[in-house]
Amino acid sequence: MIQVTDLKKYYKGGAIKALDGITVDINKGDVMAVIGPSGSGKSTFLRSLNLLEEPTGGSIIFNGIDITKKKYKTPDGKTVKLNIDKLRQKMGMVFQHFNLFPHKTILDNMTLAPMKVKGISKEEAEKKALELLDRVGLKDRADAYPIQLSGGQKQRVAIVRALAMEPEVMLFDEPTSALDPEMVGEVLDVMKELANEGMTMVVVTHEMGFAREVGNRLLFMADGKLLEQGDPAELFEHPQHPRLQDFLSKVL
Amino acid sequence: MDQFIKIENFPLIAPYAELFWQGTLVTILLALFTVIIGFCLALILALMRMSNLRPFRALGIDADGHAREKGFLALVSRFNPLEFIATAYVEILRSTPVVVQIFIIYYGIFSIIQLPSFQILGFIRFDRFFPGVVALGMNSGAYLCEIIRSGIQSIDSGQTEAARSLGLSQGQNLRYIILPQAIKNILPSIANEFVVIIKESAITYTIGVQDIMSAVNAVRGATFIIIEPLLVATAIYFCLCFPTSKVIAYIERKMSRGDKR
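Presented here is an overview of the structure given in this document. (Residues numbered from 1 in each chain as written. Chains lettered and ligands numbered in written order. Predicted model: local features only at pLDDT ≥ 70, side-chain atom pairs only at ≥ 80, totals over all residues. Heavy atoms only, no water.)

## With respect to the packing of helix H2 (residues 17–49) of chain B against helix H6 (residues 126–153) of chain B
All names here are of chain B.
At step 1: Where H2 contacts H6, the axes come no closer than 6 Å and their chain directions differ by 45°. One element, H2, and the other, H6, form an angle in the oblique class. For the pair H2 and H6, the sense of crossing is right-handed.
At step 2: Taken together, the residues that form the contact of H2 with H6 break down as 19 nonpolar, six polar and three charged. (Axes fitted to C-alpha atoms, helices over the stretch in contact; angles between N-to-C directions. Helix = DSSP H or I, 4+ residues; strand = E, 2+ residues; numbered from the N terminus. Parallel < 35°, antiparallel > 145°, perpendicular 65-115°, else oblique. Left-handed = near helix turned anticlockwise from the far one by under 90°. Nonpolar A, V, L, I, M, F, W, Y, C, P; charged D, E, K, R; others polar.)

Below, the structure written as structure tokens:
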């Protein structure tokens, strides 16, 4: 589904290497957890996938198109400009700090993009939004403003806001790091449910329990490099790379 | 030694009260039109400064199709003529005295463009008032531009990231997400600029706009009394500016409540 090859993100002409040659395939239905010490490039990697960060080298093939280039060739040989907005619709993203729109109600937060980007009617968008809110137990807060919600509620709204666009893959950028401990569970539950439904997910996280139980693949990054990847249980039990051994000994 | 303020002088200038009333009205109108012109100009300038027009964009892409990182071509590819013009305008207007700008516009531009000489409301000379508004408007446009720009930039970048990741285009993001939040932050600053312009507009008496200061001058010319008309002008300016800025501060406090994310 997404093939990442030798992905690089350099700053200051290579003096700072946020991403230093990442190669990984993300298959449909994968729940991929990305772990690593802070500053290891996990978030940069995730944000590169939907081009919130522009990579300086390598390629990301998404549904057959190299999205790191401004133009691509269609099968019939025409050169087409990459439509970045079209691409991002297919990738939902959830942020550490929720990033709900504070001037809009929960319902408006959820219906804005489907209406303005996909051109869905207001009734249809609201019906869909309420269904999604019901799934995460927040239907009764539809008319509230983000400020009136707790952190856990905000993050659940942020997840279903992304789902309202019916993305093919969901990107999570440390979705529980800004939450109070007692709210982490409710957000992880929603993510677990999503994973069980077969959603393709890439999750940058510090929740080792989630990475181990829910993820079917685990990536370990440090210093902008992908040092180890594989089955989560296997990696947690028998880490090969000394950096991973060191990291796990500190966080577990 | 003579007294600084002579009470008996006030009755002497009382016959000229009409001039002060007219001057007050002119000052308020001047400030109002200036803010309107300034705001429209500022919005255009701010959007120009933040625009993404790069005619040499293609030069910044290497043979491989990736964006160039540095070097001369990358620099050229990032050149935005709109941004350059707007930035130059703002910096020049902010780095030169208002009185110079007013003189250049009045004696320069409006000596080429002939304005019809009629009077608004029977006493406002259009051919003096209009250049005054234009000059002040151009000046405050430069300042308001920075206010609008900082208002837009004060919105957390996460808002843009969330909007873009949902598939909203740059324009949609600006229209639905950024501007509604930014305008709310900017409004008090625009109202403050209005107060600043009330005070600054006093300079326009130098080109013959009949504002409060020109009333002072007229009285001085007719009666040779200086301090007392100036005190009247001081009182008028104070009564215009002080309550207005207090009201703005009050509204600002009320609006910032319940604003935390």
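Continuing now.
## A look at the sheet that holds strand S11 (residues 217–222) of chain A
All names here are of chain A.
At step 1: Spatial ordering of the open sheet is given by S8-S9-S10-S3-S11-S12, a layout of six strands whose pairing is mixed. Of all strands in the sheet, those with a lone pairing partner are strand S8 (91–94) and strand S12 (225–230), marking the two edges. Averaged over all pairs of adjacent strands, the angle between their axes in this sheet comes to 15°, without regard to strand direction.
At step 2: In the packing of helix H6 (residues 181–196) onto the sheet, contacts are made with strand S3 (31–35), strand S9 (169–173) and strand S10 (200–204), and the angle to S10 comes to roughly 145°.
At step 3: Packed onto the sheet, helix H9 (residues 242–251) meets S3, S11 and S12 and runs at close to 100° relative to S11. (Pairing = 2+ DSSP bridges. Contact = heavy atoms within 4.5 Å.)

## Quick word on the side chain of Arg88(A)
At step 1: Along the chain, Arg88(A) turns up in helix H2 (residues 84–89).
At step 2: Despite being buried, Arg88(A) has no salt bridge partner; Asp85(A) is the closest side chain of opposite charge, sitting 4.3 Å away.
At step 3: For Arg88(A), the contacting residues outside a window of four places in its chain are Asn50(A), Leu51(A), Leu52(A), Arg164(B), Ser165(B) and Gly167(B). (Buried < 20%, exposed > 50% of the residue type's maximum accessible area, 1.4 Å probe, protein only. Lys, Arg positive; Asp, Glu negative; His and termini not counted. Salt bridge = Lys/Arg side-chain N within 4 Å of Asp/Glu carboxyl O.)

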